[in-house]
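# Architecture and fold: a report
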Amino acid sequence: MFHAKEYVKAESLEQAYELNQKRSNVLVGGMMWLKMSSGNRNTLIDLSGLGLDQIEETEDEFRIGCMCSLRQLELHKGLNQYFDGAFRECTRWIVGTQFRNGATVGGSVFGRFGFSDILTCMMVLDSYVELYKGGTVSLEEFAKMKYSRDILVRVIIKKDGRKAAYVSQRRSKTDFPLIAVAAAKKDDMWYISVGARPSKAALVTRPVQTGCELSAQAEEAVSMFSFGDNLRGSADYRKSLAKIYVRRLMEQLSGEEA
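Summarised in this report is the structure supplied together with it.

Another aspect to go through is the pairing of strand β8 (residues 152-158). Looking along a regular strand, one sees side chains alternate from face to face of the sheet. Counting buried positions over the 7 residues of β8 gives 6, a clear majority of the element. Pairing geometry for strand β5 (residues 61-65) and β8, over 5 bridges, is antiparallel. Following the sheet pairing, Arg 63 is matched in β8 by Ile 156. Here strand β6 (residues 127-131) runs beside β8; their pairing, made up of 5 bridges, is antiparallel. Looking at β8, one finds that Leu 131 is bridged to Leu 152.

Okay, here's the thing in structure tokens:
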């Protein structure tokens, strides 16, 4: 259990940003992980009063506020219709419904956790993060950036016509993923993301090779990722699973029988 001296419900992003520059202060979303930590904090900064808990759909994009819950992603009709149910699939095994009602998109993406289903799924889409001071950067670039005291305001996903699919394997239904795989296809390009390697998700783009077996294309894509060992599985096991799941997702997106 952690302890905090003060609590501030921010009245503006500028106020939240200024408070967040002090290392002993912390932004809070759903506090699903923070509440399990220990130590002392000076000020908790709450963004819940800034209207950042909505998913807005326009003709060209989805704009997902940082305070949206994972449950909102899971149930949002527009997102799941456009991306073939990928968001429903990448959220439904995350702990349980009560947890998903509390955990936020901002916390899941800003944390860049190795086990993040959300980061893995969003990585294969035309996704961007809007930072309060840092502006708008691609999610792929953001995942490689060093941690800062900036504020992730929202995630933006463009409607560029990609078909997407997601799959993960867990030792039990609500455990962290042993491996997480997402794939998308647009025109003649594959977009492949593998997370829980156990390092954070990364993106590989490959051209669709007409006349080449999907198993060979999947193996080529997976060879560009690195894999490691932890208590949930070995690097070799993860790599073997990734090859299988990438091939299956390619088959699904190509309309072939798995």
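Let's shift gears to the sheet that holds strand β7 (residues 135-138). Judged by pairing direction, the sheet is antiparallel, and its 5 strands sit side by side in the order β4-β5-β8-β6-β7 without closing on themselves. Both edges of this open sheet fall to β4 (55-57) and β7, since each of them pairs with a single strand only. Strand-to-strand twist of the sheet, defined as the mean angle between neighbouring strand axes without regard to direction, takes the value 20°.

Relative to the assigned elements, Glu 61 resides in strand β5. A distance of 3.2 Å separates polar atoms of two side chains, one belonging to Glu 61 and the other to Arg 63. In contact with Glu 61, not counting residues within four places along its chain, are Glu 56, Ile 156, Ile 157, Lys 158 and Lys 159.

What follows covers the packing of helix α9 (residues 214-222) against helix α10 (residues 235-254). Where α9 meets α10, the closest approach of the two axes is 8 Å, and the angle between their N-to-C directions is 130°. Taken as axis vectors, α9 and α10 run oblique relative to one another. In this structure, α9 crosses over α10, and the sense of that crossing is right-handed. Residues Leu 214, Ser 215, Gln 217, Ala 218, Glu 219 and Val 222 of α9 lie in contact with α10, whose contacting residues are Lys 239, Ala 242, Lys 243, Val 246, Arg 247, Met 250, Glu 251 and Ser 254.

Turning our eyes to something else, we now look at the sheet that holds strand β1 (residues 2-9). Reading across from one edge, β1-β3-β2 is the order of the 3 strands in this open sheet, with parallel pairing throughout. Looking at the sheet topology across the chains shown, the edges are occupied by β1 and β2 (26-28). When the angles between neighbouring strand axes are averaged without regard to direction, this sheet yields 35°. With 3 bridges joining them, β2 and strand β3 (residues 39-46) adopt parallel strand pairing. From the neighbouring strand, Val 28 faces β3, where its bridge partner is Asp 46.

The full count for this structure, using the stated rule, is 17 salt bridges. Here Lys 144 and Glu 140 are joined by a salt bridge, their closest N and O atoms 3.9 Å apart. Separated by 4 residues within a single helix, Lys 144 and Glu 140 lie in helix α8 (residues 139-144), roughly one turn from each other. Classification of Lys 144 by relative accessible area gives exposed; the value is 65%. Several salt bridges converge on common partners, so that one network encompasses Glu 61, Arg 63, Glu 130, Arg 154 and Lys 158.

Turning our eyes to something else, we now look at the packing of aromatic side chains. For the coordinates displayed, the defined rule picks out 9 aromatic pairs. Ring geometry for Phe 62 against Phe 83: centres 6.0 Å apart, planes inclined by 50°, an arrangement best described as tilted. With Phe 62 in strand β5 and Phe 83 in the loop between α3 (77-82) and α4 (86-91), the pair connects residues that are 21 residues apart, well separated along the chain. Here the aromatic residues Phe 62, Tyr 82, Phe 83 and Phe 87 are joined through ring pairs into a cluster of three or more.

Attention shifts here to the environment of Arg 88. Within the element layout of this structure, Arg 88 appears in helix α4. For the pair Arg 88 and Arg 23, spaced 65 residues apart in the sequence, the C-alpha separation amounts to 35 Å. Setting aside residues no more than four positions away along its own chain, Arg 88 makes contact with Glu 74 and Asn 80.

About the criteria used
- Residues numbered from 1 in each chain as written.
- Predicted model: local features only at pLDDT ≥ 70, side-chain atom pairs only at ≥ 80, totals over all residues.
- Heavy atoms only, no water.
- Buried < 20%, exposed > 50% of the residue type's maximum accessible area, 1.4 Å probe, protein only.
- Helix = DSSP H or I, 4+ residues; strand = E, 2+ residues; numbered from the N terminus.
- Pairing = 2+ DSSP bridges.
- Axes fitted to C-alpha atoms, helices over the stretch in contact; angles between N-to-C directions.
- Polar contact = N/O pair within 3.5 Å; in protein donor to acceptor, adjacent residues only side chain to side chain.
- Contact = heavy atoms within 4.5 Å.
- Parallel < 35°, antiparallel > 145°, perpendicular 65-115°, else oblique.
- Left-handed = near helix turned anticlockwise from the far one by under 90°.
- Salt bridge = Lys/Arg side-chain N within 4 Å of Asp/Glu carboxyl O.
- Phe/Tyr/Trp six-rings, centres within 6.5 Å; stacked < 30°, edge-to-face > 60°.

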